[in-house]
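# Report on the structure
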Amino acid sequence: MIVHLIDGTYELFRHFYGQRSFNKGKDKPFGAVAGVLHSVLELIETGATHIGVATDHVIESFRNDLWPDYKTGDGMEPALHAQFLPLEEALQAMGVVVWPMIELEADDGLASAARLAAEDSRVEKVCIWANDKDLAQCVRDDRVVQIIRKGMEIRNAEGVRAKFGVEPALIPDLLALVGDAQDGYPGIRGIGSVTAASLLNRHGPIESFPDDVLGGNRELAMLFKTLATLRTDAPLFADVNELEWHGPTAAFAEWPERMADARIQARSLNAMSKGKRAGGKSD
């Protein structure tokens, strides 16, 4: 089987601002939610059987206690923020496994799910549908890959090395040195991506750096590495078959009207029937 793990937060942002390009600011209350559901159904229609979606149920996480400037939900548009909880509810009603992350972030949920799935010998491949560069640390050869929405690039370990100049396992160290503006930490002054990759390829992880490389910034770099290192210990499921999609639940019947999308109920039922015609064979 192939396991598909989706960054629900990114997908919600993607559809919300994608619709903004043509709705002239007249946001439908559940427009982005419907968009995410259609994207999930598209995956199912093309053969996906085992799917999990992680969301940022609470934008802040334990990392905000470690670094005061770490990203928060401040400044998020109310029309977008109001669709987070409905997204989780709609996905669950459609029969999709959802992990609403509270103390951890959606990226930690994806990292944890990827680890759990990859440990199962029945799993041929794990696909992480997310654009965040910190998720590159989860990539393992061709077995765990990251799929970048822009250009639909499938990034395996070789692709990570080509993009960032380091092995997937060193991505947290790289981000610690160069910083991550999206997450709100600056990295170490004077170290750019080329220098950082060179140092890491020469010395290994930051813990192995000679004392004179970072000087007084060593402790700060280790803090940033903690921020950049995704947690993989969230107990999200006990058996990978818990992620198998069996079609929409009875509760989904009310969602097409709520989302002002009459097509989605028929599409979900059609996707289920396609799976049955295929013999229920796992991807």
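These notes cover the structure that comes with them. This structure is a prediction, so every number in the text was calculated from the model and none was measured.

What counts and how
Residues numbered from 1 in each chain as written. Predicted model: local features only at pLDDT ≥ 70, side-chain atom pairs only at ≥ 80, totals over all residues. Heavy atoms only, no water. Buried < 20%, exposed > 50% of the residue type's maximum accessible area, 1.4 Å probe, protein only. Helix = DSSP H or I, 4+ residues; strand = E, 2+ residues; numbered from the N terminus. Pairing = 2+ DSSP bridges. Axes fitted to C-alpha atoms, helices over the stretch in contact; angles between N-to-C directions. Contact = heavy atoms within 4.5 Å. Phe/Tyr/Trp six-rings, centres within 6.5 Å; stacked < 30°, edge-to-face > 60°. Salt bridge = Lys/Arg side-chain N within 4 Å of Asp/Glu carboxyl O.

## Considering the pairing of strand β2 (residues 50-56)
- Counting buried positions along β2 gives 7 out of 7 residues, so the element sits mostly inside the fold.
- Neither face of β2 is exposed, since H50, G52, A54 and D56 on one face and I51, V53 and T55 on the opposite face are all buried.

## A look at the sheet that holds β2
- The strand order β3-β2-β1-β4-β5-β6 describes an open sheet built from 6 strands, whose pairing is mixed. Looking at which strands have only one partner, the edges of the open sheet turn out to be β3 (97-101) and β6 (153-155). Within this sheet the neighbouring strands show an average axis-to-axis angle of 25 degrees, counted without direction.
- As defined by bridge partners, strand β4 (residues 125-129) adjoins strand β5 (residues 144-148) across 4 bridges and the pair is classed as parallel. When the bridges of β5 are listed, I128 appears paired with Q146.
- Against the sheet, helix α2 (residues 31-45) touches β1 (2-7), β2 and β4, its axis set at about 170 degrees to β1.

## Structural notes on the pairing of β4
- Burial of β4 is extensive: 4 of the 5 residues sit out of reach of the surface.
- Strand direction decides the pairing type here: β1 and β4, joined by 5 bridges, are parallel. Looking at the pairing, L5 lines up with I128 of β4.

## What about the environment of A228?
- With respect to the element layout, A228 can be found in helix α11 (residues 218-228).
- For the pair formed by A228 and E45, sequence separation is 183 residues and the distance between their alpha carbons is 35 Å.
- Setting aside residues up to four positions removed in sequence, A228 forms contacts with D134, Q137, P172, L175 and Y185.

## Observations concerning the side chain of Q137
- With respect to the helices, strands and loops of the structure, Q137 is situated in the loop between β4 and β5.
- When residues no more than four places from it in sequence are discounted, the contact partners of Q137 are P168, I171, P172, A228, T229 and L230.

## Topic: the packing of aromatic side chains
- With the rule as written, the count across this model stands at 7 aromatic pairs.
- A ring pair is formed by F13 and F84, whose centres lie 6.4 Å apart and whose planes are at 85 degrees; its orientation type is edge-to-face. In this pair, F13 sits in helix α1 (residues 8-23) while F84 sits in helix α5 (residues 84-93), placing the two residues 71 residues apart along the sequence.
- Note on F13: relative accessible area 29%, which makes it partly exposed.
- Seen from their ring centres, W67 and F224 are 5.0 Å apart, and the 85 degrees between their planes marks the pair as edge-to-face.

## Here we look at the pattern of salt bridges
- Under the counting rule described, the total for this entry stands at 19 salt bridges.
- A salt bridge links K71 to E105, with the nearest nitrogen and oxygen atoms 3.1 Å apart. In this pair, K71 is assigned in the loop between α3 (63-66) and α4 (78-81) and E105 in the loop between β3 and α6 (106-118), connecting sequence segments 34 residues apart.
- For K71, a relative accessible area of 22% puts it in the partly exposed group.
- It is possible to trace a salt-bridge network through shared partners that takes in R63, K71, E105, D108 and D183.

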